[in-house]
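# Chains, contacts and geometry: an overview
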Amino acid sequence: MGLKQVLLAGYNTTIDASAVRYNFLVSGRAEIAFEWPAAQCVPTDGKISRLFIRLSQNVAAGGSFTFTVMKNGVATALACTISAGAATGNNTADIITFTAGDRVSLRSTPSGTPGTPWMAWCTLWESSIAGESICPIHGDFINTASERFTPLQGGGLAGVRFGVQSPIPAGTFKKLRVVMDESPGVAPDAYRITLEVDGVASALTTTITAPDTTGSDLVNEVAVTAGQLVNIKVEALNTPANSPSAAIGIVFVAADNYALVTHGGDVGAIASDSAANYEFVSSPPGWNTTESNRYGVIQKTTLKNFYVVVKTAPGVGKSLTFNLRVNGANVGSPNPVQVTISGTNTTGSDTTNSYVVPTDGLTCGLMCTPSGTPLVDLTVWSFGILLKAKGWVQII
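Values in this document were obtained by computation on a predicted structure and should not be read as measured data. (Residues numbered from 1 in each chain as written. Predicted model: local features only at pLDDT ≥ 70, side-chain atom pairs only at ≥ 80, totals over all residues. Heavy atoms only, no water.)

Scanning the protein for helices and strands turns up zero helices and 32 strands. Taken over C-alpha atoms, the radius of gyration comes to 20 Å for the protein, in line with the 21 Å a tight globule of 396 residues would show. Principal axes of the C-alpha set define a box for the protein whose edges measure 55 × 55 × 40 Å. Residue burial in the protein is summarised as follows: out of 396 residues, 58% are buried. Within the protein, residue pairs in contact and separated by at least 24 positions form 76% of the contacts whose partners lie at least 6 positions apart. (Helix = DSSP H or I, 4+ residues; strand = E, 2+ residues; numbered from the N terminus. Rg over C-alpha atoms; globule rule 2.2 N^0.38 Å. Buried < 20%, exposed > 50% of the residue type's maximum accessible area, 1.4 Å probe, protein only. Contact = heavy atoms within 4.5 Å.)

Rendered as structure tokens:
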């Protein structure tokens, strides 16, 4: 049995009530009309199952939404329909096999007049190779930009690293794969995709030169230590004629059987320096002062080991406290899963406390509580996963 990994996602822009739309399977974005801009790459062999969906409000009378996991642009059997009067749905029966290099996305299909809720979702990944967890990524390449940066899960390209970097547990990255919807243009037009560690290019990299549309690095492996910041860098070489959509994927193998499950970061500061702020565990769209606006959804699992980095220290006599929230409450044992960053510090972690999620479909999220009106700036965080006996899963 390979490693099992919960893949979390959510975004609080409304679902289109009249047209088919697509989204990332992991992390989330505003919905889009085409599948390729939502595609992420599966970098190794495995299976995806256990789809859970949570809407922000009940589907309106006379309507429904059907949500479907897509494989290489084709609908799979892993789907669920949420009908009028309901706000949740799941499919725990169907299991879809993926091969390294396949692309994956999530499709929403409205029927009737279902209303316009926003949604959160999660699935379960099981690798065919022991110890391997996956980081599915999407990038819309920009031919006029010399370099851009994207997180290890989710997508989107930023002009600066912090906000898309993530603190990582100790382990090894390998198996970088990239699939694009069109070539860079005409040779020597090219794009180079590289794993960065603490802002420095690593040996794990691939260059795709026209007329090719795929690339990979299946040779190099990059070891990281706990707390290092990682991201993907995309470079346009020789001023490419085209700006393709790219599905990217990379494998992570943890040093101690813990593996990355989800991480997040915000390109904007927390919403308030004097009141509680809330965010999806899986990152975008940014901190909000209303918790229900940032509810994600989680499956049965054990949550543990929480890492946080802020770009700017809170300041002397000031602090930021980050809590894991499940069903609207701080949770953990023997104490809440919590990280406090104070004074001149910019990093923190909780590797002691944990929480067993007892039921599928509960809400989950993060809370940031400021004290002393601290400086507010960008924040990044991460969780991971541990395979237990008989397939039990832990998020760290």
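Quick look at the packing of aromatic side chains now. Evaluated as defined, the whole model comprises five aromatic pairs. Residues F141 and Y191 carry aromatic rings whose centres are separated by 4.8 Å and whose planes lie at 40° to one another, so their mutual orientation is tilted. Of this pair, F141 sits in the loop between β10 (132–140) and β11 (147–150) while Y191 sits in strand β15 (residues 190–197); the two residues are 50 residues apart in sequence, bridging distant segments of the chain. A single burial state applies to F141 and to Y191, both of which are buried. Ring geometry for W287 against F322: centres 6.1 Å apart, planes inclined by 50°, an arrangement best described as tilted. Separated by 35 residues along the polypeptide, W287 in strand β23 (residues 283–288) and F322 in strand β26 (residues 315–326) bring together distant segments of the chain. There is no split in this pair, since W287 and F322 are both buried. Sitting above the plane of the F98 ring, K71 keeps its charged end 5.5 Å from the centroid. (Phe/Tyr/Trp six-rings, centres within 6.5 Å; stacked < 30°, edge-to-face > 60°. Lys NZ or Arg CZ within 6 Å of the ring centre and 35° of its normal.)

A separate point is the environment of R54. Along the chain, R54 turns up in strand β4 (residues 46–55). The exposure class assigned to R54 is buried, which follows from its relative accessible area of 17%. For the pair formed by R54 and C41, sequence separation is 13 residues and the distance between their alpha carbons is 24 Å. R54 has contacts with A87, T88, W118, M119, A120, Y295, G296, V297 and T363, leaving out every residue within four places of it along the chain.

Next up on the list: the side chain of T150. Note that T150 resides in strand β11. Classification of T150 by relative accessible area gives buried; the value is 0%. Every residue in contact with T150, bar those within four places of it in the chain, is listed here: I137, H138, G155, G156, L157, V164, N231 and I232.

Sheet strands line up and pair through hydrogen bonds in the backbone, either parallel or antiparallel. Taken in spatial order, the four strands of this open sheet run β1-β9-β4-β7, and their pairing is antiparallel. Strands with a single pairing partner mark the edges of an open sheet, and in this sheet they are β1 (4–11) and β7 (88–98). Direction aside, neighbouring strands of the sheet carry axes that sit 15° apart on average. (Pairing = 2+ DSSP bridges. Axes fitted to C-alpha atoms, helices over the stretch in contact; angles between N-to-C directions.)

This next bit is on the state of the cysteines. All told, the structure shown has zero disulfides when counted by the stated rule. The closest cysteine sulfur to the non-disulfide-bonded C135 is located on C41, 12 Å from its own sulfur. When its relative accessible area of 0% is taken as the criterion, C135 is described as buried. Summary of cysteine pairing: C364 is not part of a disulfide, and the nearest cysteine sulfur, belonging to C122, is at 7.6 Å. (Disulfide = S-S within 2.5 Å.)

Another point: the environment of S349. Tracing the chain through its elements places S349 in strand β29 (residues 347–357). Residues S349 and S382, 33 residues apart in the sequence, show an inter-C-alpha distance of 9.7 Å. Among all residues touching S349, those that are not within four sequence positions of it are F306, Y307 and V339.

Moving on, we come to the pattern of salt bridges. Here the structure, examined in full by the defined rule, presents 12 salt bridges. D16 is the partner of R21 in a salt bridge, and the nearest nitrogen-oxygen pair spans 3.2 Å. Residues K233 and E235 are paired through a salt bridge, measuring 4.0 Å at the closest nitrogen-oxygen approach. The class of K233 is buried, set by a relative accessible area of 10%. Connected through shared salt-bridge partners, E147, R161, R192, E196, K233 and E235 make up one network. (Salt bridge = Lys/Arg side-chain N within 4 Å of Asp/Glu carboxyl O.)

Everything listed is a geometric property; what it means functionally is a separate question.
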